[in-house]
Every structure is written in C-alpha cells, then in structure tokens.
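Architecture at a glance
Residue-level listing of the chains:
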Amino acid sequence: MYAPSLIQYGQPKPLPEPRILRAGPLTMQYEHGFLRYIRLGNHEVLRLIYHAIRDPNWATAPMVIESETIDQEADSFRIRYTSVCRNETVHLRWQCEIIGEPDGTIQFNIDGEALADFQRNRAGFCILHPIPECAGQPCTLTHPDGSQTVAPFPEGISPHQPFLNIREMQWPVSDNSSAVLWFVGDVFETEDQRNWTDASYKTYCTPLSRAFPVLLQTGDTIQQSVELRLVGSFASPLNVKSDPSETAITFDSETLPLPTIGLGANLEVLTDSVVHLLKEACFHHLRVEVNFQHSDWQGTFRKAVDDAVLLNVKLELVLIFNQLANYELYSFLKEPVDPALVYSVTILSNFAKSTPATLLHEVTSPIRQAFPNAQIGAGTNAFFVAINRQTPPLETVDFLSYAISPQAHAVDNLTLMENTTAQPDTVRDARHWTPNVHVSPVTLRPRFNPDATGNDTDPANNQMPFSTDARQMSLFGAAWTLASLKGLIQAGAHSVTYYETVGEEGIVQGDFASAYPNQFAAEAGMVFPLYWIFRFVNGFRAGRVLPTTSSQPFKVEALCLQKDDKAVLILANLTDEPQMVSAPIPRTVRMRTLDESSFGKACFSPEAFWEESGESLSPDHELLRIELKPYATVFAEWETRAV
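All of the points below concern the structure found in this document. (Residues numbered from 1 in each chain as written. Predicted model: local features only at pLDDT ≥ 70, side-chain atom pairs only at ≥ 80, totals over all residues. Heavy atoms only, no water.)

Broken down by element type, the chain carries 13 helices and 39 strands. Relative to the 2.2 N^0.38 estimate, which gives 26 Å for 643 residues, the radius of gyration of the chain is 25 Å and therefore close to what a compact globule would have. Counting only C-alpha atoms, the chain reaches 65 × 65 × 45 Å along its principal axes. Considering the chain as a whole, with its 643 residues, one finds that 56% of them fall into the buried category. Sequence-distant contacts, at least 24 apart, represent 70% of the contacts inside the chain between residues at least 6 apart. Total accessible area on the chain is roughly 26,400 Å²; 50% of this is exposed by carbon and sulfur atoms. Averaging the coordinates of the 47 positive side-chain charges in the chain and doing the same for the 75 negative ones gives two points 3 Å apart. (Helix = DSSP H or I, 4+ residues; strand = E, 2+ residues; numbered from the N terminus. Rg over C-alpha atoms; globule rule 2.2 N^0.38 Å. Buried < 20%, exposed > 50% of the residue type's maximum accessible area, 1.4 Å probe, protein only. Contact = heavy atoms within 4.5 Å. Areas by Shrake-Rupley, 256 points an atom, 1.4 Å probe, with all protein chains shown as cover. Lys, Arg positive; Asp, Glu negative; His and termini not counted. Charge placed at Lys NZ, Arg CZ, Asp CG, Glu CD.)

Another point: the sheet that holds strand 11 (residues 138–142). The strand order across the open sheet built from nine strands is 5-6-7-8-19-15-14-11-12, with neighbouring strands paired in antiparallel fashion. Bordering the open sheet on either side are strand 5 (63–72) and strand 12 (148–152), each of which pairs with just one other strand. Neighbour to neighbour, the strand axes of the sheet diverge by 15 degrees on average, direction disregarded. As defined by bridge partners, strand 5 adjoins strand 6 (residues 77–86) across eight bridges and the pair is classed as antiparallel. Among the inter-strand pairings, Glu66 is bridged to a residue of strand 6, identified as Thr82. (Pairing = 2+ DSSP bridges. Axes fitted to C-alpha atoms, helices over the stretch in contact; angles between N-to-C directions.)

Counted under the stated rule, the structure contains 32 salt bridges. Arg447 is the salt-bridge partner of Glu289, the closest N and O atoms lying 2.7 Å from each other. Of the two residues, Glu289 is situated in strand 23 (residues 285–291) and Arg447 in the loop between strand 28 (437–442) and helix 10 (475–491); the sequence distance between them amounts to 158 residues. Lys601 serves as the salt-bridge partner of Glu612, at 3.2 Å between the closest nitrogen and oxygen. With Glu612 in the loop between helix 13 (606–611) and strand 37 (615–617) and Lys601 in helix 12 (residues 599–604), this pair connects stretches of sequence that are eleven residues apart. Judged by its relative accessible area of 38%, Lys601 falls in the partly exposed class. (Salt bridge = Lys/Arg side-chain N within 4 Å of Asp/Glu carboxyl O.)

Tallied over the full model, the rule gives 28 aromatic pairs. Seen from their ring centres, Phe108 and Phe125 are 5.0 Å apart, and the 70 degrees between their planes marks the pair as edge-to-face. Note that Phe108 is positioned in strand 8 (residues 106–114) and Phe125 in strand 10 (residues 122–130), a separation of 17 residues in sequence. In this structure Phe108 comes out as buried when scored by relative accessible area, which is 1%. Taking 6.2 Å as the distance between ring centres and 75 degrees as the angle between the ring planes, the aromatic pair formed by Tyr499 and Phe534 counts as edge-to-face. (Phe/Tyr/Trp six-rings, centres within 6.5 Å; stacked < 30°, edge-to-face > 60°.)

Structurally, the position occupied by Lys303 is in helix 4 (residues 297–311). Polar side-chain contacts of Lys303 include one of 2.5 Å to the side chain of Asp307. Those residues in contact with Lys303 that sit more than four places away from it in its chain are Asn266, Leu267, Glu268 and Val269. (Polar contact = N/O pair within 3.5 Å; in protein donor to acceptor, adjacent residues only side chain to side chain.)

By size, the foremost hydrophobic cluster in this structure holds 108 residues, and its most contacted members are Leu315, Phe332, Val439 and Ile507. No other element matches the ten residues that helix 10 contributes to this core. Leaving out residues up to four positions away in the same chain, Val439 has contacts with Tyr402, Ile404, Val427, Leu488, Ala493, Ser495, Val496 and Thr497. Counting 59 residues, the second largest nonpolar core, distinct from the first, contains Cys126, Cys139, Cys205 and Ile222. (Core = buried A, V, L, I, M, F, W, Y, C linked by side-chain atoms within 4.5 Å.)

Listed below in structure tokens is the structure:
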C-alpha cells in the first residue's frame, strides 16, 4: 500500500516541519533556508525572502543545505548554513546568515562562490510581496543615486516592471508604521508575478536591462545583503489573533454559467477501460496541437480526431504556424474532418509568443470558411505575460487564449496552492479585452520552457521529463485542481482545458504502469484523485455555479454547482493538516470523501467509489460542519426541491 506522503502529495518521504520564529513584533516561518509569511500581527508584510541561482534557460538550480545551526530566543534568532546549488551546468556554494533582532529588524546575508565555470541569468535575492496587503499601496523607492520616487503596487496585472532601479523601498503596513527593505550588493527591480500566475510581486536582482547570461568563473564571488526594518509606531509585542479553528464557506446570491471543460489529447492509446472512464467524466472537448514545425503533425491530428469521435466530444484545435502559413493551412484543410466536430480553433505562431496580426490576416478567413460553426481565437501557448505584453488584435477573432502552470518559479506545495489565488486575476484582466476567455491548457508543470535560450538538458534514463509532476496522482493534485477550477470559473472563464487524457500527465494512468516508478508511483489501471473533480463537475454541465467565498482561502476552497433539483458542494483541504469547515446548508447531504482512507477504492475500484451511498450528514442549526483530513476532497450532494 502507498505511504501516507505518497497518497497526500506524491513523495515517498514526509516533508520537514517548518519552524516558527519571532523578531520582536514580527513572526515568520523558517523553511529550507528561507523566511516565509513575515507578519506584523495579522498583517502579512512579506510573503518570502529567498535566494536563487538561475541558469541560461532560467531553470533554478536545486539547493542542498549543509551545516545548519539555529539559535532561537523568545524574540530573536540567528541562523547560519551552507547551501550548495547545482544542476547540469550550475555549481555554486552560498554561506548564509539570517539575523532577527528584538526591534523587528531582519538581516539576510549571502556570500557565494562559484565552484565551476558556468553561465547564469540571475544569482541572489528575491523578495515576494503579498498581493492583498500591497495592491494599490504607495511605495517610496530610493535609487542608487539617492533620488526618490513614489509609485503604487499595481492593482491590475502590470505587463512590465512597475518599480525599477531600487536601493531601498518603503511602504505602509499599518496606519502608523511602514516596512523598509534595504539592498546591498546589487541593484533591484520589481515585477508583477501574476503574469505567471504567482500570487505575489517579486523584487529581485539583477535588472533585466543588463546583459545576460553572465559567465562566472571558478572562484568568483557574489555577496549580497537584504535588511527588513520597521519604522513608525506599533505595539511590541503585538496581540496576534490566532487563525480561526473553522473555515466558513459563504454563498453569493447570483449564479454563474459553468464553462465548457476539456482535456488535452496525447499519443497514448485509449483502451476500452480508459474510454469508459473518460466518457463517464463527460468532458466537452479534446485539445490537440497541430504544430506545422513537426513532420508528424498529420498523424497527431488524425489520432485526435479518432479519439474525439471515440469519446463523443468536440475538438479544440490549436494550429501553430511557421512562416509559410498559407501553404501549411492549405495542407491542413485537405485532412478529412467533419466541420461539426470542431468546437474552436486557436491560431498561434512558432515565431512569436503572442499571435501576430499578420498571421491572423492570412489565415482567419479561410479557417472560418472551413469551420463555420467553430469559434476562432488568438493568444499564446505559454503564460499570460505574453498576451499582457503584446495583446493580439481581437477584431477578427472570437476569443483570447493562454495557458496556466503554477510552477514558473517555485515548486513547493505551499507556493502551488498560493498560486491558485492569482489565476482569477488573469481572467479578470483578459476580460477587459474580450468577454470570451479560454484558459488552455492548465497543467501542474509547464509543458515547455518559453524563455529558454538554448536546448534544455535531456533527462537521464528513467528520469521524469520536465513536464511531469508526481503530485498529479495524489490527493494534492485533486485539491489543487478544485481550487484552480473554482477560481477560473468564478472569474468568468468561458472555456477551460486541463491536463491530458491518460498517462503521467493525464487524469488516469491507463493500462500500463508508470514509466518512472521511482519518481511517479502510479500503478496500471489507476484513476488519479483529480479525475473525480471533473467527473462530479461535468455531471452538472448546463447547470449553474453558486459562487462561494472561503474565509481562509489558503486552507480550504469550495465550488458549488446546481442543476435541476440537485446541488453539490465540493470542498478541498489545501493543507497537510486537518481542517474544520462550515457551510450554510440547511438540508441533509450525501457526502463522499476522497482522502487517505478512501484513496484505494477511488483509485482502483472507481465504480464502487461512485456507486457507494456515501455518508449522510445533517446540519446543526442550518449549518453543516465537515472535518477534512490533509489534502482531502469532499463531495456533499443534496436535493434542492422543496420538501
């Protein structure tokens, strides 16, 4: 049987426990060499202070901590450690020291030495600022020459760096106090990470206006310091309110439409057992990329057509053109396909991150003639940032499309869950350009590196590819999917496409065991927990969404659906600790739970899990209370007709 950590988040070993630290009035969490959730009382001042080294393809080199010592007092601390950052090209050692003082000052010092010759795009500190506390707040910037400017943290997603050329920055954290960040060793600037669906602003070194990559030779050193201090009036120590023991889910009164939900195609054979499972999940469409740069695009397209017919779904076509677009389109239109099968066509280019106007001018009209009932769209095959910086002309198309992955920058569980809160912001901003927003595809890992300047290193034999994440087969994957889907739906996305059909990047493993058993522990025939999110949600196609609000959205999220006289509330625990949830449901519900105890049945006896009666739960004074185990998902169903 699977170990609890494999069931919860796809890893064979438990995660290390974080340590809670205090520096005077500031509290924070220390985890794997970095400081997280730095708070003044209940106000989050900074999301994270960390250091990183990124190679010429912007990959962050993994870090191993050695010789760590932690001296902790009631209101201060001192941490020292050595960290070695290494991947196929990078090899660097940091000597690190973090000091927290009783007056609330925090100083983080790093002294790095290159242990080999290598090129880097970035080396040094990054500081993450939380969106809710900072958006719209004025920030006073001190530049290297001593001059100052004032600018607000952006509320809409800023396509370019809102703050440049920073030596020091100051912004309010309460009515009478401010936080000050002071940098030594490099010049910093700030970007809006919501462009990549990270839930933060990031202040980083070195300015992107400077040439990169930079060659570091063996023995070269990098020294930097960042200091956080408080100025103004505040009580010390502050009275910190503990997080509520219960997360409250509330409902809005106006309902929303449920978007069309699809899956990505791949080259895996759809066996009878897989077809049965996918048909039971009632998807609307199957996404296929026809990339004319690939010599086998005809075979990819024909298989997707056959799979769509087999699954009784529509086709979401993504046509990726080269520089001979007219010829490539002519070749494609000779391929036999029923036009009625095609739901949408997204026009993209291999030579631009965002669809260029010249390409739309060339191909839009003949595509409309070939598929008169299909929606035609433009956008990007990569992150939202591409269309935010260069929005394609939308006069001749019906929708705007972009992809989402929560791992553009960091890969830890907390960051991935945090980043679901930034996904709705991208839909909100995209809807300023068009009400018809397609998010396609959504994947746990990026499918490719859109910023690579060279070829990525090929994975070693039996190593998972860049695009695969072991959490795909875990309870974490289901909880993350629920939080992502809820945010995109309630923000007004018209169409969303997730993952793939079968295999390590799919929603079921299929008839063959994982090709990477040491990294992705899925067995043949396994149904991944995230499959059940789609099976329940798609059971309410043509229904309505009753918007929900969670009082603690980093802990628990909820999605409520209604159709005819039925309703379901799907609750997901986004943490590795039990959570208590309440919701104003005055009726008895039938509750099916997806957690460690039901994992085996849900993954290996799916029809038994689907058909079981579930547990009945009645409200207490018209309030339903449910306890969720770590990363658990609960499906609470009830009849809405009058008794």
